[in-house]
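Okay, here's what each chain looks like letter by letter:
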Amino acid sequence: MRLDQFLSARTMYTRRQLRQMIQNGAVTVDDIVVRQAGQTIQPQRQRICLEGKHVPGDTYLYILLNKPRGYVCSAHEPGQHIVFELIPPELMRKDLQPVGRLDKDSTGMLLLTDDGQLSHQITAARSHAEKYYVIELARPWESFYAQRFADGITLADGAHCIPAKAACIPGTENKVLVQLHEGKYHQVRRMMAALGNHVQSLQRIAIGGLILPPDLPCGACRRLGDEDIQKILKSRSDFATMLQILKKSSS
Ligand code: URA
């Protein structure tokens, strides 16, 4: 593969910009400066760096972002802060897309990838990769909520949600753990509205068996490896165990 072709697919720069950067000595292949844009490279075997930053050679890129409040997931909302602003240039690729959405005011685990197939597997209706949210309600939790979640809530516009789980985090009266297998627009907020309550804050804490790492600061991101992807697709976080963990961390 040509060096400029590889870098164009893996970064936000155009081929023209890259040719200039390569000529200026901004690119190294295995620590040696290369000035020919057309040089043939083997991205899986060689270490390619642009302005000193490693540009990963794997076919697909998987990123976990701890999304802060106030950022939107779509790149097409003028005047808004977008989650792509939080991705460092060396990890940015033209085809990178969020896997599902988190609302502007929601926080927590957001996956981004250029692997469309994986994205579909996770977001598909009735996906096996369940999503976990911790929400804070404006009014106290009511015990009938749990059964309504289990039965499948009907939203104000008539849309039916498939059965889900919700429980109040022990030791609190308005913090709730929610588990969903689907991702309708503003789903958790609309489910709670259908029950007569209001979501004040919402944080996604896990997808499948992958839990938001406590050491990943809000606004920071990290690359995920194959074992993380396997956790998302193949393993489960147990609802009761998650509730116990949250009980301990809130006490
Ligand atoms: N449900 C919501 O209402 N908002 C989100 O951001 C995610 C799930």
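Above this text sits the structure in question.
Presented here is a report on the structure given in the accompanying data block. Model, not experiment: these values are computed from the prediction.

What follows concerns the pattern of salt bridges. The final tally for this structure, using the stated rule, is nine salt bridges. Between D4 and R15 there is a salt bridge, and its shortest N-O distance comes to 3.8 Å. Here D4, found in helix α1 (residues 3-10), pairs with R15, found in helix α2 (residues 15-23); they are eleven residues apart in sequence, far enough to count as distant. A salt bridge links E130 to R236; the nearest nitrogen and oxygen atoms lie 3.8 Å apart. Of this pair, E130 sits in the loop between α3 (116-123) and β10 (131-137) while R236 sits in the loop between α6 (226-234) and α7 (239-250), and the two are 106 residues apart along the sequence.

Time to look at the sheet that holds strand β2 (residues 32-33). Spatially, the four strands line up as an open sheet ordered β2-β1-β3-β4, and their pairing is antiparallel. At either margin of the open sheet sits one strand with a lone partner, and together these are β2 and β4 (53-54).

Near the ligand, the surroundings consist of L102, D103, S106, Y133, H186, Q187, V188, R189 and L202. In the environment of the ligand, a nitrogen atom lies 2.7 Å from a nitrogen or oxygen atom belonging to the side chain of D103. A distance of 3.3 Å is found between an oxygen atom of the ligand and a backbone nitrogen or oxygen belonging to Q187. Its free accessible area being 240 Å², the ligand has 96% of it covered by the protein chains. Counting residues per element, the shell around the ligand draws most heavily on helix α5 (residues 187-194), at three residues. Here the residues of the shell around the ligand sort into four nonpolar, three polar and two charged.

The rules behind each value
Residues numbered from 1 in each chain as written. Predicted model: local features only at pLDDT ≥ 70, side-chain atom pairs only at ≥ 80, totals over all residues. Heavy atoms only, no water. Salt bridge = Lys/Arg side-chain N within 4 Å of Asp/Glu carboxyl O. Helix = DSSP H or I, 4+ residues; strand = E, 2+ residues; numbered from the N terminus. Pairing = 2+ DSSP bridges. Near = heavy atom within 4 Å. Polar contact = N/O pair within 3.5 Å; in protein donor to acceptor, adjacent residues only side chain to side chain. Areas by Shrake-Rupley, 256 points an atom, 1.4 Å probe, with all protein chains shown as cover. Nonpolar A, V, L, I, M, F, W, Y, C, P; charged D, E, K, R; others polar.

Remember, this is a structural readout, not a statement about activity or role.
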